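Residues per chain, in single letters:
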Amino acid sequence: MPELETAGALSGITVVDLSRMLAGPYAAQMLGDHGADVIKVEPPAGDGTRLWGRTNHDGTSPYYAGLNRNKRHLSVDLSTEAGRAVLLTLLDEADVLVENFLAGTMQRWGLHPVWLLENYPRLVYCRISAFGTSGAMAHLPGYDAVLQAYSGLMHINGEPGGAPVRIPVPVVDLMTGMHAFSGVLLALNERCNSGRGQLVDVSLLDSALSLHHPTAADYLATGVPPERLGSGHPSLAPCNVFETAGPSGSSDYVYVAAGTDRQFQLLCDYLQMPELCADPRFTTNTDRLANEPELRTILAERMRGTGLTTQHVHEMIALGIPASIVRSLDDVLSDPQVVDRGMTTTVGEFRMVGVPVKLSRTPGSVRTPPRPLGQDSVAVLDSLGLGTEVIDSLLDSGAVVGPHRANLNGREVTHRERET
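Residues numbered from 1 in each chain as written. Predicted model: local features only at pLDDT ≥ 70, side-chain atom pairs only at ≥ 80, totals over all residues. Heavy atoms only, no water.

*Asks:* Can you tell me about the overall build of the protein, naming the residues and giving the values?
*Replies:* For the protein, the helix and strand inventory stands at 19 helices and 14 strands. Projecting the C-alpha coordinates of the protein onto the three principal axes gives extents of approximately 85 × 50 × 45 Å. By residue count, 42% of the 420 residues in the protein fall in the buried class. Nonlocal contacts in the protein, meaning residues at least 24 apart in sequence, comprise 64% of its contacts between residues at least 6 apart. In the structure as shown, the protein presents an accessible area of about 21,300 Å², 55% of it carried by carbon and sulfur atoms. Within the protein, the 47 negative side-chain charges are centred at a point lying 2 Å from the centre of the 32 positive side-chain charges. (Helix = DSSP H or I, 4+ residues; strand = E, 2+ residues; numbered from the N terminus. Buried < 20%, exposed > 50% of the residue type's maximum accessible area, 1.4 Å probe, protein only. Contact = heavy atoms within 4.5 Å. Areas by Shrake-Rupley, 256 points an atom, 1.4 Å probe, with all protein chains shown as cover. Lys, Arg positive; Asp, Glu negative; His and termini not counted. Charge placed at Lys NZ, Arg CZ, Asp CG, Glu CD.)

*Asks:* Tell me about the sheet that holds strand S4 (residues 96–99), residues and numbers included.
*Replies:* Pairing in this open sheet of seven strands is mixed, and the strands run S6-S5-S4-S1-S2-S3-S12 from one edge to the other. Only two strands of the sheet have a single partner each, and these edge strands are strand S6 (199–203) and strand S12 (400–401). Alignment of strand S3 (residues 71–76) against S12, held across two bridges, turns out to be antiparallel. By the bridge assignment, Val76 is partnered in S12 with Val400. (Pairing = 2+ DSSP bridges.)

*Asks:* Summarise empty space enclosed by the protein; cite the residues concerned and give the values.
*Replies:* Within the structure shown, the criterion is met by one cavity of 30 Å³ or more. Of the volumes computed, that of the largest cavity is approximately 90 Å³. Looking at the largest cavity, it is lined by 14 residues, and the ones nearest its centre are Glu99, Ala103, Gly104, Gln107 and Arg127. Contributions of two or more residues to the lining of the largest cavity are made by helix H4 (105–108) and strand S5 (124–129). Tallying contributions element by element places S5 first for the lining of the largest cavity, with four residues. Among the residues making up the lining of the largest cavity, the classes are represented as seven nonpolar, five polar and two charged. (1 Å grid on protein atoms, 1.4 Å probe; cavity = no way out; pocket = protein on both sides within 12 Å on 5 of 7 lines; lining within 4 Å. Points joined across faces, edges and corners; volume = space filled by probe spheres on them. Nonpolar A, V, L, I, M, F, W, Y, C, P; charged D, E, K, R; others polar.)

*Asks:* I'd like a rundown of the packing of helix H10 (residues 261–270) against helix H14 (residues 310–319), residues and numbers included.
*Replies:* One can describe the packing of H10 onto H14 by two numbers: an axis separation of 10 Å at closest approach and a directional angle of 140°. Taken together, the axis directions place H10 and H14 in an arrangement best described as oblique. Here H10 runs over H14; the crossing is right-handed. Touching Leu266, Leu267 and Tyr270 of H10 are His312, Glu315, Met316 and Leu319, all from H14. Residues of the contact of H10 with H14, tallied by class, amount to five nonpolar, one polar and one charged. (Axes fitted to C-alpha atoms, helices over the stretch in contact; angles between N-to-C directions. Parallel < 35°, antiparallel > 145°, perpendicular 65-115°, else oblique. Left-handed = near helix turned anticlockwise from the far one by under 90°.)

*Asks:* Could you give me a rundown of the sheet that holds strand S7 (residues 239–245), with the residues and numbers involved?
*Replies:* The strand order across the open sheet built from three strands is S7-S8-S9, with neighbouring strands paired in antiparallel fashion. In this open sheet, the two strands that pair with only one neighbour each are S7 and strand S9 (323–325). For this sheet the average axis-to-axis angle between neighbouring strands, irrespective of direction, equals 25°. Bridge count between strand S8 (residues 251–257) and S9: three bridges; the pairing is antiparallel. Counterpart to Tyr255 in the pairing with S9 is Ser324. Across the sheet, helix H13 (residues 292–304) lies against S7 and S8, angled at about 25° from S7, the strand it touches most.

*Asks:* So what about the environment of Ala149? Which residues, and what values?
*Replies:* For Ala149, the location among the structural elements is in helix H6 (residues 144–150). Overall, the relative accessible area of 45% leaves Ala149 in the partly exposed class. Here the alpha-carbon distance between Ala149 and Gln337, two residues 188 residues apart in the chain, equals 35 Å.

*Asks:* Tell me what's going on with helix H18 (residues 388–397), and back it up with residues and numbers.
*Replies:* Within H18, burial applies to Ile391, Asp392, Leu394 and Leu395. The arc that holds every buried residue of H18, seen down its axis, measures 155°, which confines them to one face. More than 90 degrees from the buried face of H18, the exposed residues found are Glu389, Asp396 and Ser397. Within two residues after H18, Gly398 carries a phi angle of roughly 85°, on the positive side. (Arc of directions from axis to C-beta.)

See the structure below:
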């Protein structure tokens, strides 16, 4: 067993996170989970997701908390010259910059990507946008649901013959965050050889299209547009949700994905339906796909008369039949397997999902909770070597927002006096 090291795999990497909402903060959080020093720079009004849904006493929502752990929090008004000067000072020591402003915003502030990479040649600059930064739609904003609709993902989601349905998990934003995370790691690895940073350009549109598998591959090969399949699968059968008789007359749902001929044989044996395997309509996967509605009807009738429990499903899995009870989130988050994998954790007052990428020697970790707006402003500026007078001037001008100042004997105290 390799010796465990306390520092994460990205220890020594400094990330300046200017991003808001989901994709950028998620990417920066993953970098922070694995040891990078992430400095989240928020405007004085804060990241808008701080107020999405219910909030705690610090004005922090679960939505925000789930994307902004393992970061130091600095509040800077980048629309001011003094605020942009603070950003440039941060970049003197930074390895990575992450931002997702509307196209043209950084240029308007005099921070063109070309200029930044010329003046900070080792910087990995990750730019996240909705539609990319070229083309007629480059200047337009976009959110996950908008891109689900625009990219065709929403069109293929839903029941056959029904209306398109938004995928409730923001898969486009999350995938964009994963692409940004991967792109930053690729650029950091290449920098080891070249000594130079580069631009990492990711967009919600590109990420949404990358999710179209096998639908895009099938369409490009055949020219046949995909149809809404509900919980079905375009390439394998039987793969669907079936209703079963639950305890006390209630209904449960089980998902069965017996896509190979061997798995289908095992399913027929388990359900005591040998006649299905002998039926020429269902001999091979190709046959089953061609006759999927009939097969689904037969299996649905059989499943409806059974009382498949979690134990039965475990038996099916042990036999080699991919299946699961369709479970609610409250069951999942308390599941012993989920707990064993460390996929729920608590930091401060927040309970949250754990780190999904496991490294044996330099594991990721959840170390610090999301913090109040500007909580670390003074400490970060102090670590940059800015003097007391400069820091107080920035606070006084509003270019930087820090912790609320105390008032002592009718006068406002400096940050130095307050901290002592």
